[in-house]
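As a plain string of letters, each chain reads:
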Amino acid sequence: MTDSFVAPPQTDRPVRARLAPSPTGALHLGNARSFLLAWLSARQQGGEVYLRIEDIDSPRVKPESVRQTIEDLRWLGLDWDQSDLQRDEEPTLQSGRMPRFLEVLEELIQAGRLYVCRCSRKDVAEAASAPHDTALPALEGDVYPGTCRDACLKPELLEKYAWRWKFADAKMHWTDRLRGLQQANPARQLGDYVIAKFQNGVLVPAYQLAVVVDDYDQGITEVVRGDDLISSTYRQLAILKHLNWAPPNYIHVPLVIGPDSRRLAKRHGDTRLAFFREAGIRAESIVGYLAHSIGLIDQRADVTAQELVGELDWEKVSTEPTVFEFEREYPGLN
Ligand code: GLU
């Protein structure tokens, strides 16, 4: 097995970061924490920050959530700049970029990097329940076993299918700014993944493709996001490497979890920023809580995002998740 070498990210470009919310629900404390870190890191390097609304997963996107997301970010005190892709001050909507994603998809198809797959979710789950290689455990969920990989299916004969990325059977490595060296064999530990889906007569690019194209076209040099997306980085790097596009620096930050060690959810109370705002809590209190949880300030205090510029030191940021306990932080509020 040979190492597939992934070029180190370029660091000589002007710093550009992005806030890339999926408007599938209101922002909660966990999203806010990742966005605050992304924004602080860019701003204290004198970099630009773009807002990109990742709204291509249409069945789950609620138009009202786009407005809510923008309001939440403004309330937190995060601002953003106009990127080259924008015509006016509106944020970039990923849904407006379909022709560009499809152009890159076509290039990948022509290059033979993808194959047609007609497996349903159920097919994948059933096939993936077979025993796995214990030396190379799955990085997340079901590993697609490659059922359609050599089937040479023709898309024009199918009503419903997906294009999957064909991973090379090789180890890949990259460096996360916070977590250091990451390595895995994505072919065995993640499996080939869906890069676009053909459904109801339209071809819809998946997040993995859209994010790579947008990050590249916007000249993004730094991607700060939740560590639930670490495995996606292998998928995105594979595309970048094929296209010979310089990867950004990746920094995956820990999530906020509940006292039961599970990802923050409704059962832990209402942690939407809108809830705190409507309950009369000031943004400075939330930013203060987040800053304290990250270790940017020693004592819990009210603080603005702007006041924290210069205080972020990645060497001191923990890789452990933060436990949010409502009663401890905001007694009697929920
Ligand atoms: N839109 C994604 C999310 O909200 C984030 C994607 C990214 O930062 O790459 O989970």
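On a predicted model such as this, the values are computed, not experimentally measured, just so you know.

The rules behind each value
Residues numbered from 1 in each chain as written. Predicted model: local features only at pLDDT ≥ 70, side-chain atom pairs only at ≥ 80, totals over all residues. Heavy atoms only, no water. Helix = DSSP H or I, 4+ residues; strand = E, 2+ residues; numbered from the N terminus. Rg over C-alpha atoms; globule rule 2.2 N^0.38 Å. Buried < 20%, exposed > 50% of the residue type's maximum accessible area, 1.4 Å probe, protein only. Contact = heavy atoms within 4.5 Å. Lys, Arg positive; Asp, Glu negative; His and termini not counted. Charge placed at Lys NZ, Arg CZ, Asp CG, Glu CD. 1 Å grid on protein atoms, 1.4 Å probe; cavity = no way out; pocket = protein on both sides within 12 Å on 5 of 7 lines; lining within 4 Å. Points joined across faces, edges and corners; volume = space filled by probe spheres on them. Nonpolar A, V, L, I, M, F, W, Y, C, P; charged D, E, K, R; others polar. Near = heavy atom within 4 Å. Polar contact = N/O pair within 3.5 Å; in protein donor to acceptor, adjacent residues only side chain to side chain. Areas by Shrake-Rupley, 256 points an atom, 1.4 Å probe, with all protein chains shown as cover. Pairing = 2+ DSSP bridges. Right-handed = clockwise from strand over helix to strand, strands pointing away. Expected span 1.5 Å × (residues − 1). Disulfide = S-S within 2.5 Å. Salt bridge = Lys/Arg side-chain N within 4 Å of Asp/Glu carboxyl O. Core = buried A, V, L, I, M, F, W, Y, C linked by side-chain atoms within 4.5 Å.

Draft legend 1. The arrangement of the overall build of the protein in detail. Helix and strand counts for the protein stand at 10 helices and 14 strands. At 21 Å, the protein has a C-alpha radius of gyration in line with the 20 Å of a compact globule built from 334 residues. Looking at the 334 residues of the protein, the share that counts as buried comes to 51%. Taking the intrachain contacts of the protein between residues at least 6 apart in sequence as the baseline, contacts between residues at least 24 apart amount to 77%. Of the side-chain charges in the protein, 40 are positive and 49 negative, and the distance between the mean point of each set is 5 Å.

Draft legend 2. A look at empty space enclosed by the protein. Tallied over the entire structure, the rule returns 1 cavity of 30 Å³ or more. Taken as a whole, the largest cavity holds about 80 Å³ of empty space. Lining the largest cavity, in full, are Arg-13, Val-212, Asp-215, Tyr-216, Ile-220, Leu-240, Ala-246, Pro-248 and Tyr-250. At 3 residues, the largest contribution of residues to the lining of the largest cavity is made by helix H6 (residues 207-217). Of the residues in the lining of the largest cavity, the class split is 7 nonpolar, no polar and 2 charged.

Draft legend 3. Fine view of the site of the ligand. Around the ligand sit Arg-18, Ala-20, Ser-22, Glu-54, Tyr-207, Val-211, Arg-225 and Leu-229, and that is every residue in its neighbourhood. A distance of 2.8 Å separates a nitrogen atom of the ligand from a polar atom in the side chain of Ser-22. Alone, the ligand offers 300 Å² of accessible surface; in the complex the protein occludes 77% of this. Looking at the shell around the ligand residue by residue, the classes come out as 4 nonpolar, 1 polar and 3 charged.

Draft legend 4. Geometry of the pairing of strand S3 (residues 48-53). Most of S3 sits inside the fold, with 5 of its 6 residues counted as buried. When strand S2 (residues 16-19) meets S3, the two strands line up parallel, connected through 4 bridges. In the sheet register, Arg-18 faces S3, and the bridge partner there is Tyr-50. Once the chain exits S2 it traverses helix H1 (residues 29-44) before rejoining the sheet at S3, and the crossover so formed is right-handed. One ladder, built from 2 bridges, connects S3 with strand S4 (residues 92-93); its direction is parallel. What sits directly across from Arg-52, in S4, is Thr-92.

Draft legend 5. Molecular detail of H1. Look at H1: 22 Å from first C-alpha to last across 16 residues, which is about the 22 Å you get at 1.5 Å a residue. Remark: Gly-46 follows H1 within two positions and exhibits a positive phi of approximately 75°.

Draft legend 6. Main features of the state of the cysteines. Summed over all chains, the structure comprises 0 disulfides. A disulfide-free cysteine, Cys-119 has its sulfur positioned 3.7 Å from the sulfur of Cys-148, the nearest such atom.

Draft legend 7. Here's a closer look at the pattern of salt bridges. All told, the structure shown has 30 salt bridges when counted by the stated rule. One salt bridge in this structure joins Asp-215 and Arg-18, with 3.0 Å as the shortest N-O distance. Of this pair, Asp-215 sits in helix H6 while Arg-18 is found in strand S2, placing the two residues 197 residues apart along the sequence. The residues Asp-215 and Arg-18 share a single accessibility class, namely buried. Across the pair Arg-52 and Glu-54 runs a salt bridge, and its minimum N-O distance is 3.0 Å. By relative accessible area, which is 0% here, Arg-52 ends up buried. What makes Glu-54 buried here is its relative accessible area of 8%. It is possible to trace a salt-bridge network through shared partners that takes in Arg-18, Arg-52, Glu-54, Arg-97, Arg-100, Glu-103, Asp-214, Asp-215 and Asp-217.

Draft legend 8. Focus on the nonpolar core. In this structure, Leu-29, Leu-36, Phe-276, Ile-286, Leu-308, Trp-314 and Phe-324 are the most contacted members of the largest nonpolar core, which totals 51 residues. Elements with a contribution of two residues or more to this core: S2, H1, S3, helix H2 (63-76), strand S12 (249-253), helix H8 (273-278) and helix H9 (283-294). The element best represented in this core is H1, accounting for 9 residues. In this structure, Val-116, Ile-195, Ala-196 and Tyr-250 belong to the second largest nonpolar core, which totals 47 residues.

Draft legend 9. Structural view of unusual backbone geometry. At Asn-200, a residue that is not glycine, the phi angle is positive and equals roughly 50°. Relative to the assigned elements, Asn-200 resides in the loop between strand S9 (193-199) and strand S10 (202-205). Using a relative accessible area of 80% as the deciding quantity, one classes Asn-200 as exposed.

The quantities given are spatial measurements derived from coordinates; they are silent on function.
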